[in-house]
Amino acid sequence: GVPARFPRLRIVFTEAGIAWAPYMMWRMDKYHHEYRRMVPVLERRPSEYMREQVWISTQPIEEPEDPSHLVETIRHIGEDRIVFASDWPHHDFDHPRALLKLPMPQETKRKIMGENALQVFRRIPAPAEMTAQAVEGARRCLNM
């Protein structure tokens, strides 16, 4: 009931990857449907609160054999709810290349690589042209 009690609260999950989130959302919605009378403070499904107040960082990024599976996972969570995290300088950090190679629109990559973080941490968003240039600059640096 924390998100319902504190509607301005922003929650960021880090260092857990992202693949768990859609399944957790579905399961919490199932239990909410079955036991909602036990948690009257939740006026909506838990997944709705998550889509409004929760962000999830990519690190450690899951790298399935078929990259489209990860893109589908991002779609289920919401492309505006994912923030890039590398865990650099640790030896097992996630290179931005892993995310930039995914078969998804440039707009989605821009959101994950920076625009979503600007939103969650309430920073002034950069113009789309600047974030597009940043993604393209990262791509050139990584020889992609």
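Above this text you will find the structure in question.
Predicted model, so just to flag it, every value in this text is computed and none were measured.

Reading the values: the criteria
Residues numbered from 1 in each chain as written. Predicted model: local features only at pLDDT ≥ 70, side-chain atom pairs only at ≥ 80, totals over all residues. Heavy atoms only, no water. Axes fitted to C-alpha atoms, helices over the stretch in contact; angles between N-to-C directions. Helix = DSSP H or I, 4+ residues; strand = E, 2+ residues; numbered from the N terminus. Parallel < 35°, antiparallel > 145°, perpendicular 65-115°, else oblique. Left-handed = near helix turned anticlockwise from the far one by under 90°. Contact = heavy atoms within 4.5 Å. Nonpolar A, V, L, I, M, F, W, Y, C, P; charged D, E, K, R; others polar. Pairing = 2+ DSSP bridges. Core = buried A, V, L, I, M, F, W, Y, C linked by side-chain atoms within 4.5 Å. Buried < 20%, exposed > 50% of the residue type's maximum accessible area, 1.4 Å probe, protein only.

Draft legend 1. Expanded view of the packing of helix H2 (residues 20–35) against helix H4 (residues 67–77). Where H2 contacts H4, the axes come no closer than 8 Å and their chain directions differ by 40°. The angle between the axes of H2 and H4 places the two elements in the oblique class. H2 and H4 meet at a crossing whose hand is left-handed. Here Ala21, Pro22 and Trp26 of H2 come into contact with H4, specifically with Thr73, His76 and Ile77. In terms of residue class, the contact of H2 with H4 is made up of four nonpolar, two polar and no charged.

Draft legend 2. Representation of the sheet that holds strand E2 (residues 54–57) within the structure. The strand order across the open sheet formed by three strands is E1-E2-E3, and the pairing between neighbours is parallel. Taken across any chain shown, the strands that pair with only one partner, and hence form the sheet edges, are strand E1 (11–13) and strand E3 (82–83). Bridge analysis of E1 against E2 gives three bridges, and the strand direction is parallel. Residue pairing for E2: Ile11 is matched across the bridge by Val54.

Draft legend 3. Looking closely at the nonpolar core. One finds Ile18, Ile74, Leu102 and Met104 to be the most contacted residues of the largest nonpolar core, which totals 16 residues. When contributions to this core are tallied by element, the ones reaching two or more residues are H2, E2 and H4. Top contributing element to this core by residue count: H4, with four residues. Once you skip the residues sitting within four places of it in the chain, Met104 turns out to touch Val71, Ile74, Leu99, Lys109 and Ile112.

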